[in-house]
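If you want the building blocks of each chain, they are given just below.
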Amino acid sequence: MTALLTASTCVGERHLVIGWSHVAALRVQTLLESGAIPVLVSPQNDDSYKFPDTILEDIAKGRIIRVDQAFELSHLTSLGREEVDKVVDRVYTVLPISSIELKNSIYTQCCKLRIPVNTSDSPELSSFTLLSTYKSGDFQMGVTTNGKGCKLAARLKRELAASLPSNIGAICNNVGELRKAIQEEDRLEFETKNIGEHDDDAVNSSALNALVHEFNMSKEERKIQRTRWLSQVVEYYPLAKLAEVSIDDLTSAYKRSKVEKEEKEEKAENLNKKGRISLVGAGPGSVSLLTLGALNEINSADLILADKLVPQQVLDLIPTHRCKLFIARKFPGNAEAAQQELLGMGLGALYEGKKVVRLKQGDPYIFGRGGEEYNFFAKHGYTPVVLPGITSALAAPVAAQITPTHREVADQVLICTGTGRKGAMPNIPEFVGSRTTVFLMALHRVVDLIPTLISKGWDENLPCAVVERASCPDQRVVRVKLKDVAAAVEACGSRPPGLLVTGYACEVIEKPSESKKWIIEEGYEDVGRINLEKE
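This section reports on the structure supplied with the text. (Residues numbered from 1 in each chain as written. Predicted model: local features only at pLDDT ≥ 70, side-chain atom pairs only at ≥ 80, totals over all residues. Heavy atoms only, no water.)

**Remarks on the overall build of the protein chain**
So, point 1. Looking only at helices and strands, the protein chain features 14 helices and 18 strands.
So, point 2. Within the protein chain, the fraction of its 535 residues that count as buried is 41%.
So, point 3. Of the contacts formed within the protein chain by residues at least 6 apart in sequence, a portion of 64% connects residues at least 24 apart.
So, point 4. Roughly 30,200 Å² of accessible area belongs to the protein chain as shown, and the carbon and sulfur atoms make up 51% of that amount. (Helix = DSSP H or I, 4+ residues; strand = E, 2+ residues; numbered from the N terminus. Buried < 20%, exposed > 50% of the residue type's maximum accessible area, 1.4 Å probe, protein only. Contact = heavy atoms within 4.5 Å. Areas by Shrake-Rupley, 256 points an atom, 1.4 Å probe, with all protein chains shown as cover.)

**A closer look at unusual backbone geometry**
So, point 1. Each neighbour pair has its own omega, and for Pro496 with Pro497 the value is 0°, a cis peptide bond.
So, point 2. Looking at where Pro497 falls in the secondary structure, it is placed in the loop between helix H14 (485–492) and strand E17 (498–502).
So, point 3. Positive phi values are uncommon outside glycine, yet Arg369 reaches one of about 60°.
So, point 4. Take Arg369: it is sitting in the loop between strand E11 (355–360) and helix H11 (370–379).

**Some points on the environment of Gly12**
So, point 1. By the element assignment, Gly12 lies in the segment before strand E1 (14–18).
So, point 2. Considering only alpha carbons, one finds Gly12 and Arg81, 69 residues apart in sequence, at a separation of 8.7 Å.
So, point 3. Apart from the residues lying within four places of it in its own chain, the contact partners of Gly12 are Gly35, Ala36, Ile37 and Arg81.

**Considering the nonpolar core**
So, point 1. By size, the foremost hydrophobic cluster in this structure holds 21 residues, and its most contacted members are Phe439, Leu453, Val485 and Leu500.
So, point 2. Core analysis: the next-biggest nonpolar cluster, separate from the first, contains 19 residues, Ile298, Ala306, Val310 and Cys323 among them. (Core = buried A, V, L, I, M, F, W, Y, C linked by side-chain atoms within 4.5 Å.)

**Focus on the pairing of E1**
So, point 1. Most of E1 sits inside the fold, with 4 of its 5 residues counted as buried.
So, point 2. Across 5 bridges, E1 lies against strand E2 (residues 37–41) in parallel orientation. The residue bridging Leu16 from the neighbouring strand is Val39, located in E2.
So, point 3. Of the pairings in the sheet, the one linking E1 to strand E4 (residues 90–93) comprises 4 bridges and is parallel in character. Across the sheet, Ile18 pairs through a bridge with Thr93, a residue of E4. (Pairing = 2+ DSSP bridges.)

**Observations regarding the packing of aromatic side chains**
So, point 1. In total, this model carries 7 aromatic pairs according to the counting rule given.
So, point 2. Arranged with centres 6.0 Å apart and planes meeting at 50°, the rings of Phe439 and Trp458 form a pair that is tilted. Of this pair, Phe439 sits in strand E14 (residues 435–440) while Trp458 sits in the loop between helix H13 (446–455) and strand E15 (463–468), and the two are 19 residues apart along the sequence. Across this residue pair, the class does not change: Phe439 and Trp458 are buried. (Phe/Tyr/Trp six-rings, centres within 6.5 Å; stacked < 30°, edge-to-face > 60°.)

**So, the packing of H13 against H14**
So, point 1. Contact geometry of H13 with H14 gives a least axis separation of 8 Å together with a crossing angle of 165°. One finds that H13 runs roughly antiparallel with respect to H14. For the element pair H13 and H14, the recorded crossing hand is right-handed. Along its contact with H13, which presents Val446, Val447 and Ile450, the element H14 presents Val485, Ala486 and Val489. (Axes fitted to C-alpha atoms, helices over the stretch in contact; angles between N-to-C directions. Parallel < 35°, antiparallel > 145°, perpendicular 65-115°, else oblique. Left-handed = near helix turned anticlockwise from the far one by under 90°.)

**Quick look at a nonpolar patch on the surface**
So, point 1. Taken together, the side chains of Leu152, Leu156 and Leu160 define a hydrophobic patch exposed on the protein surface, amounting to about 240 Å² of accessible area.
So, point 2. Tracing the backbone shows Leu156 in helix H4 (residues 150–162).
So, point 3. What makes Leu156 partly exposed here is its relative accessible area of 36%. (Patch = residues over 30% accessible without salt bridge, like charges linked within 9 Å, V, L, I, M, F, W, Y side chains within 5 Å. Salt bridge = Lys/Arg side-chain N within 4 Å of Asp/Glu carboxyl O.)

**Things to note about the packing of helix H10 (residues 335–351) against H11**
So, point 1. Contact geometry for H10 and H11: axes closest at 11 Å, N-to-C directions at 40°. Compared by their axis directions, H10 and H11 come out oblique. Relative to H11, the crossing made by H10 is right-handed. On H11, the residues that touch Gln339, Leu343, Gly346, Leu347 and Leu350 of H10 are Glu373, Phe376 and Phe377.
So, point 2. By residue class, the composition of the contact of H10 with H11 is 5 nonpolar, 2 polar and 1 charged. (Nonpolar A, V, L, I, M, F, W, Y, C, P; charged D, E, K, R; others polar.)

Taken by themselves, the reported measurements are silent on function.
Here is the structure:
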C-alpha cells in the first residue's frame, strides 16, 4: 500500500528513544534538528553503551533528557509533556534483534495509546517511518523506501537533490512571498468574488489552464487572475528562474517561448574499429574533468567495460543506442571472479573485431589494476592504448580546498593504498611533517589504520580530510584531526568512493575549528562543467 507522507511540526514535543546504537544516535540528531526533545531511555551497563561526547554534551545542556534505567511500558505515559498528560508524542525503538518480545509489547501498547511508533529494522512493528531528507532554506524533500533500506533511501535522496537547481531554497522563498503578497493585496476581491484561496494550488485543477482573455479584463479582474498566473508560472516556467519572478512579471499573461530545435547532421567517421582496446581514465567524477581523448574513445566504442565507481554523469554520455555497456559486478567476496568475467568479455569482443574501451574511475595506473589488464590483453595479442585520467588522489584535495604542496608546509605528496592485497594491512609509511599523504581505499578500515599510524609515530593532531565522491554534486568533506578520523567516519557514515588526505597542508586554506572535533561540508560547485550530449 502507498504510505501517506506528511511533514510534522515537532517543536517542543517529547520523543522517546528506547535503546542505544549508531542508529539511535542518528535518530537523536534528527530529533534535535526538528526542534523535538529526545528522551533517551538506555542504561549504561558496560562500554558497549558508551555515548559519544556530543550526546553527553547535549544531555548536560538539557537538550536531551536521559533516563538511566531499563525501559518500562509506564514510560510511555509518564515521560511526556504536561499539556498532554505526560503521554510521549512519538516512540523510536532501537533494540537488538533478540528483544523481539519487548519490541512487540512496545508496538502493541503504542497502538492502544495512539502513539506513533517506529521500530528499527522492523517495518511490521512501525506505524511510521522516517524519510531521508534534504533541506535548502524552506525547501525540504523526503525519500522513503517503506522499510526497504536506509542506505538506498539516502542514495536516492542524494541523486534527486543533485538534479535540483542550486537556488531551490531561494525559489521556495520567492514564490511563497509572491503568493502571500498577492493574497494580501487581493483579499477583498477573493472575499467578494467567493474565490477559494487555495483553488489555484490544486495541481490537477481544470481551471489551471483555462483560457484567460487578458485584454478584455478590467483592472480588478486582472488582479484576481494574478494568483492563477502565478500557479501557471510555477507549473511551467524554468525552475531555476522562479527565484527571479516578481509581481510586476505577473501583470501580463504568462507566455511560453518557443524553443527551436536544431537538427544535427551526423558525420560519418572513417574509424577502424577492428579488434582494438583502450584503457581509459574517467577521472574522479565531474564530467568537466573527463579528457577529450576519453570522450572520443567513449563515442567510438562498440563495447564499454566500466567500473561500478565510474560516476553516473559520465555513464550518461555513453551512446548506448549503438554501444553496449557492461558494468563490472564487483561486490565484496567476488571481486576476482568479476574481474575475470570482465576480461573474458573484453577478449571475446576483440576476437569479433570490435573496439573495446575499458573505462576506469580515476586513472588506470593509480591503484586501478591497469597494469594487470594491459598485460592480460597484450598477452593475447591486443596491445591496449592507455589514456590517463585525472586521479582522485590529486583532484579530491583540490575539490576540497586543499593544496597538497605549499611552500614551507608541504614539499612532497605520497599516494598510498589503505588496503593491501586480499585485505591485508599495507606497509605504513614513516611520518614526514612536510609530506601530504593521500590514502585510497582506506575508509572502510580506519578503525585499524589510524591506531597503526599513531603507533608508527604519526602526529595524532595532524590535520586530515575525508573526501567522498570528489567533484560530484553530492561531494562531502569531513575536516578532522588524525586521532578523531575513525570516530568521524563512524558518526558520519560512508559515501563511497572516498579517500583520506593527511598533512599540515590540509589547513593552509581551510582552517580547522577550535570548538568542534570535525566539520562537515556538503556539495561541490562544478564551475568548469560543460554541456556534453550523447551522439
